[in-house]
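Notes for the structure review
Chain by chain, the residues run as shown.
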Amino acid sequence: MNEERPKLDEIDRRILRALQRDSSQPQRALAEAVGLSQNACWRRLNRLQAEGVIKGQTIRLDAAELGLPLTVFMMIRTRNHSRPWLESFRREVLAIPQVIDMYRIAGEYDYILKVVAADMNGFDQVYQRLIARLELENVTSLITMESIAAGRDIPI
């Protein structure tokens, strides 16, 4: 990649840290918190969005409070690494709402999925759907017992 990363100064970093803590705060409060006028803060926010540093604004939800207390990491190995297979795999996995994160990884496995479910039966439905529609060499599931640190802020 020859693309140059955006240059961030300390004010940019303060803006990003404040937004990670609470992206719903009014722009006026954000500007005051980082020591800028509202217009200067707005210009910086627009630049950070245009440069792709800010990808959007979301809120963090508590899966357990929403009836999805079970979190499972699925480690997947495949023999097929062709582009058509990968596209099919992505399409199938992204069609499953309970899969909330998906990564291609290096090492013994090829992919890791983070799945949330109401219970083991709900997780098994996800598992059965995947193995019925995709040719997979091996699937290992790691069932979480406790979330110690999830969705942490990116250190800036």
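Structural data are supplied above this passage.
Calculation rules
Residues numbered from 1 in each chain as written. Predicted model: local features only at pLDDT ≥ 70, side-chain atom pairs only at ≥ 80, totals over all residues. Heavy atoms only, no water. Helix = DSSP H or I, 4+ residues; strand = E, 2+ residues; numbered from the N terminus. Rg over C-alpha atoms; globule rule 2.2 N^0.38 Å. Buried < 20%, exposed > 50% of the residue type's maximum accessible area, 1.4 Å probe, protein only. Contact = heavy atoms within 4.5 Å. Lys, Arg positive; Asp, Glu negative; His and termini not counted. Charge placed at Lys NZ, Arg CZ, Asp CG, Glu CD. Pairing = 2+ DSSP bridges. Phe/Tyr/Trp six-rings, centres within 6.5 Å; stacked < 30°, edge-to-face > 60°. Lys NZ or Arg CZ within 6 Å of the ring centre and 35° of its normal. Axes fitted to C-alpha atoms, helices over the stretch in contact; angles between N-to-C directions.

Details of the overall build of the protein chain
Counting its secondary structure elements, the protein chain contains 5 helices and 4 strands. From first element to last, N terminus to C terminus, the protein chain shows the α and β order α-α-α-β-α-β-β-α-β. Compactness check: the protein chain gives a C-alpha radius of gyration of 20 Å against a globular reference of 15 Å for 156 residues, more than 25% above the reference. Dimensions of the protein chain, computed from C-alpha atoms along their principal axes, come out at roughly 55 × 40 × 25 Å. Taking all 156 residues of the protein chain together, 28% fall into the buried category. For the protein chain, the proportion of contacts with a sequence separation of at least 24, taken over those separated by at least 6, is 67%. Distance between charge centres in the protein chain, computed from 22 positive and 21 negative side chains, equals 6 Å.

A word on the pairing of strand 2 (residues 99-104)
Examined bridge by bridge, strand 2 and strand 3 (residues 111-117) share 5 bridges and lie antiparallel to one another. By the bridge assignment, Arg104 is partnered in strand 3 with Tyr111. Hairpin connection from strand 2 to strand 3: 6 residues lie between these consecutive antiparallel strands, with Gly107 at a positive phi of about 120°.

Details of the packing of aromatic side chains
Summed over the entire model, instances satisfying the criterion amount to 3 aromatic pairs. Note on Trp85 and Phe89: the rings are 4.9 Å apart at their centroids and 10° apart in plane angle, and the pair reads as stacked. Of this pair, Trp85 and Phe89 both sit in helix 4 (residues 83-94), 4 residues apart, which is roughly one turn of that helix. By relative accessible area, Trp85 is classed as buried at 9%. Where Phe89 meets Tyr111, the ring centres are 4.5 Å apart and the plane angle is 45°; that geometry is what we call tilted. A residue pair is termed long-range when its members are at least 10 positions apart, and Phe89 in helix 4 and Tyr111 in strand 3 qualify at 22 residues. Ring-pair connections join several aromatic residues into one group, and the members of that group are Trp85, Phe89 and Tyr111. Between the NZ or CZ atom of Arg77 and the centre of the ring of Tyr109, over which it lies, the distance is 4.6 Å.

Focus on the sheet that holds strand 4 (residues 138-143)
Remark on secondary structure: sheet strands pair via backbone hydrogen bonds, oriented parallel or antiparallel. The strand order 2-3-1-4 describes an open sheet built from 4 strands, whose pairing is antiparallel. Of all strands in the sheet, those with a lone pairing partner are strand 2 and strand 4, marking the two edges. Taken pair by pair, the neighbouring strands of this sheet meet at an average axis angle of 20°, ignoring direction. Sheet strands touched by helix 5 (residues 120-133): strand 1 (70-77), strand 2, strand 3 and strand 4. Its angle to strand 1, the strand with the most contacts, is close to 20°.

Some details on the environment of Lys114
With respect to the helices and strands, the residue Lys114 is situated in strand 3. Sequence spacing of Lys114 and Ala63 is 51 residues, and the spatial spacing of their C-alpha atoms is 12 Å. If near-sequence neighbours (up to four positions away) are discounted, Lys114 is found in contact with Thr71, Val72, Phe73, Gln98, Val99, Ile100 and Asp101.

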